[in-house]
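Spelled out, the chains give:
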Amino acid sequence: MPHTLTETFIGETQPQAKRIGIIGGGQLGRMLALAGIPLGLEFVFLDPAQEACAATLGTQIIADYDDPAALQRLIQSTDIITLEFENIPMPALHLTNAQTRLFPPPKALEVAQDRVNEKSLFAQLEIPTPAWRAVDSLAELKKAVAHVGLPAVLKTRRLGYDGKGQYVLRGQDDIQAAWDALGGTALILEGFIQFDREVSLIAVRSRSGALAFYALSENTHEAGILKLSISRARDPMQGAAEAHARRLLEALDYVGTLGFEFFVTANGLIANEIAPRVHNTGHWTIEGAVCSQFENHLRAILDLPLGSTALRGASAMLNFIGDLPSRERALAVPDLYFHAYGKDARAGRKVGHATLVVASEGERDVRLGELLALVTI
Ligand code: AMP
């Protein structure tokens, strides 16, 4: 029988929500669908790209994220809506939220879309951040440098990702160049943190308030793009990261999976940013944890019991950026799980990843070279 809204969307008692709308149809949407199909879920993606890589796993509505007619189609054809990236225009989110169930809540997106909102919330929740100042003019940049000190990082408040829209200032002479590079849009200046490591916590909160956390992931970036994530069982920072995330999730009445990135310093954790969605640094959970970040996101928004975040072993996840190694080469590595996103090769584009899962961190460290060799010529 054809599915219609009235058949399945009948308020709080709706027992078997089945059709999930996802705003965005990239690799994160694709991995959400790969996790949800075995649960009997169906997916509709809203994405302006002609060939969004998630589309083969469901139905795609090809339109801009804030196209009112497209949003109506998405709302009418699904039971519940979620998203796979954070920079969706707020009016589209408010419109969706007024008409159907949307998770995570728009408030979380409002915070994550603007680095000043994000830092302000961290401060309110007593989560340590780098020193920072909002910057809207060259005069304000000079004042901000005096307050924050050097070195510092000038960033766009909005729409920055993978290190884009950032300028590192090392001396007073860099002020003008930084302003020339980024001025004209709303900015934030942050103190440059001399970190020992970068870690992220993948956290999940369900509609009924149940919480789950994965082992910290230790992350390495190259040219601002995540290259490698390593699961860290028993990391000394785990408890502090969970305490920060718990306060944040509860303050936002958050529902779904969230990625929380931190710098590890001699003085403990310093918050960098949150991503109100499933996160690249949690891809290792697909094979490296009992229930993945993707399945747990779906469980959380459907108010199903959360799955175990226990480790199945020690994991290392390597991103393929630009192009993929051959399948033959990747699959020749024992204990390796290969993921190709079905995207065309393009410089700087995440086109796939591989995760190595082995019995112990010791073995993982020994075998890391086999994984890394996939991206060396
Ligand atoms: P972001 O887009 O803010 O996550 O920044 C991308 C990467 O730039 C981070 O993962 C860090 O490696 C680096 N970075 C960003 N902000 C800072 C900072 N305040 N101090 C030092 N490194 C930073």
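## Quick notes on the overall build of the chain
Part 1: Along the chain, the regular secondary structure elements total 13 helices and 17 strands.
Part 2: Taken against the 2.2 N^0.38 rule, which gives 21 Å for 377 residues, the C-alpha radius of gyration of the chain at 21 Å falls within 12% of a compact globule.
Part 3: With the C-alpha coordinates of the chain rotated into their principal frame, the extents come out at 70 × 50 × 40 Å.
Part 4: Across the 377 residues that make up the chain, the buried fraction comes to 54%.
Part 5: Of the contacts made within the chain by residues no fewer than 6 positions apart, 62% connect residues no fewer than 24 positions apart.
Part 6: When the accessible surface of the chain is totalled, it reaches about 15,900 Å², and 52% of it is carbon and sulfur.
Part 7: With 35 positive and 43 negative side-chain charges, the chain shows a separation of 1 Å between the mean positions of the two kinds.

## Let's talk about the site of the ligand
Part 1: What surrounds the ligand is a group of 16 residues, the closest being Lys 155, Ile 193, Glu 198, Asn 272 and Glu 273.
Part 2: Separating an oxygen atom of the ligand from a side-chain N or O atom of Arg 115 is a distance of 3.0 Å.
Part 3: Relative to its free-state accessible area of 470 Å², the ligand is covered by the protein chains to the extent of 90%.
Part 4: Of all the secondary-structure elements, those providing two or more residues to the shell around the ligand are β6 (152-156), β8 (187-191), β13 (256-265) and β14 (268-275).
Part 5: Of the residues contributing to the shell around the ligand, the split by class is five nonpolar, five polar and six charged.

## Things to note about the nonpolar core
Part 1: Grouped together as the largest cluster of nonpolar side chains are 44 residues, with contacts concentrated most on Ile 23, Leu 46, Leu 93, Leu 248, Phe 260, Phe 262 and Ile 274.
Part 2: When residues of this core are assigned to domains, at least three fall in each of domain 1 (19-102) and domain 3 (197-374).
Part 3: Those residues in contact with Ile 23 that lie beyond four places of it in its chain are Leu 46, Tyr 65, Leu 74, Ile 81, Thr 82, Leu 83, Glu 84, Phe 85, Ile 88 and Leu 93.
Part 4: Core analysis: the next-biggest nonpolar cluster, separate from the first, contains 21 residues, Ala 35, Leu 41, Ile 80 and Tyr 341 among them.

## Observations concerning the sheet that holds strand β3 (residues 59-61)
Part 1: Taken in spatial order, the four strands make up an open sheet running β3-β2-β1-β4, and their pairing is parallel. Of all the strands in the sheet, the pair left with one neighbour each is β3 and β4 (80-83). When strand polarity is set aside, the average angle formed by the axes of neighbouring strands in this sheet is 25°.
Part 2: Examined bridge by bridge, strand β2 (residues 42-46) and β3 share three bridges and lie parallel to one another. Within the sheet, the bridge partner assigned to Leu 46 lies in β3 and is Ile 61.

## Observations concerning the domain arrangement of the chain
Part 1: The domain architecture assigned to the chain consists of domain 1 (19-102), domain 2 (131-191) and domain 3 (197-374).
Part 2: The gap between the C-alpha centroids of domain 1 and domain 2 is 34 Å.

## Notes on the packing of aromatic side chains
Part 1: In total, this model carries seven aromatic pairs according to the counting rule given.
Part 2: Ring geometry for Phe 43 against Phe 45: centres 6.3 Å apart, planes inclined by 15°, an arrangement best described as stacked.
Part 3: With 5.4 Å between their ring centres and 15° between their planes, Phe 122 and Phe 260 make a pair best called stacked. Pair noted here: Phe 122 is in helix α6 (residues 115-124) and Phe 260 is in strand β13, with a separation of 138 residues, a long-range link. Of the two residues, Phe 122 and Phe 260, both sit in the buried class.
Part 4: By way of ring pairs, the aromatic residues Phe 122, Phe 260 and Phe 262 are connected into one cluster.
Part 5: Stacked on the ring of Phe 192, the Lys or Arg Arg 170 has its end atom at 5.8 Å from the ring centre.

## Thoughts on the environment of Met 31
Part 1: By the secondary structure assignment, Met 31 is in helix α2 (residues 27-36).
Part 2: Taking relative accessible area as the criterion, Met 31 reaches 4% and is therefore assigned buried.
Part 3: Measuring from C-alpha to C-alpha, the distance between Met 31 and Leu 57 comes to 9.5 Å, with 26 residues separating the pair along the chain.

## Focus on the pattern of salt bridges
Part 1: Enumeration over the complete set of coordinates arrives at 19 salt bridges.
Part 2: Salt-bridge contacts for Glu 218 lead to Arg 197; the nearest nitrogen and oxygen are separated by 2.8 Å. Taken together, the positions of Glu 218 in strand β11 (residues 216-222) and Arg 197 in strand β9 (residues 197-205) put the pair 21 residues apart, joining distant regions of the chain.
Part 3: With its nearest N and O atoms 2.7 Å apart, the salt bridge here joins Glu 295 to Arg 299. Taken together, the positions of Glu 295 and Arg 299, both in helix α11 (residues 293-301) and four residues apart, correspond to about one turn of that helix.
Part 4: Connected via shared salt-bridge partners are Arg 197, Glu 218, Arg 232, Asp 235, Glu 361, Arg 364 and Asp 365.

## Focus on the packing of helix α7 (residues 138-148) against helix α8 (residues 174-182)
Pairs of packed helices are described in terms of their axes, by the angle between the two and the distance that separates them.
Part 1: Look at α7 against α8: their axes get within 10 Å of each other, and the N-to-C directions meet at 130°. By the criterion of interaxial angle, the relationship of α7 to α8 is oblique. Note on packing geometry: the crossing formed by α7 with α8 is right-handed. Seen from α7, the contacting residues are Leu 138, Leu 141, Lys 142 and Val 145; seen from α8, they are Ile 175, Gln 176 and Trp 179.
Part 2: Within the contact of α7 with α8, the residues separate by chemical class into five nonpolar, one polar and one charged.

Thresholds applied
Residues numbered from 1 in each chain as written. Predicted model: local features only at pLDDT ≥ 70, side-chain atom pairs only at ≥ 80, totals over all residues. Heavy atoms only, no water. Helix = DSSP H or I, 4+ residues; strand = E, 2+ residues; numbered from the N terminus. Rg over C-alpha atoms; globule rule 2.2 N^0.38 Å. Buried < 20%, exposed > 50% of the residue type's maximum accessible area, 1.4 Å probe, protein only. Contact = heavy atoms within 4.5 Å. Areas by Shrake-Rupley, 256 points an atom, 1.4 Å probe, with all protein chains shown as cover. Lys, Arg positive; Asp, Glu negative; His and termini not counted. Charge placed at Lys NZ, Arg CZ, Asp CG, Glu CD. Near = heavy atom within 4 Å. Polar contact = N/O pair within 3.5 Å; in protein donor to acceptor, adjacent residues only side chain to side chain. Nonpolar A, V, L, I, M, F, W, Y, C, P; charged D, E, K, R; others polar. Core = buried A, V, L, I, M, F, W, Y, C linked by side-chain atoms within 4.5 Å. Domains from an automatic or database assignment. Pairing = 2+ DSSP bridges. Axes fitted to C-alpha atoms, helices over the stretch in contact; angles between N-to-C directions. Phe/Tyr/Trp six-rings, centres within 6.5 Å; stacked < 30°, edge-to-face > 60°. Lys NZ or Arg CZ within 6 Å of the ring centre and 35° of its normal. Salt bridge = Lys/Arg side-chain N within 4 Å of Asp/Glu carboxyl O. Parallel < 35°, antiparallel > 145°, perpendicular 65-115°, else oblique. Left-handed = near helix turned anticlockwise from the far one by under 90°.

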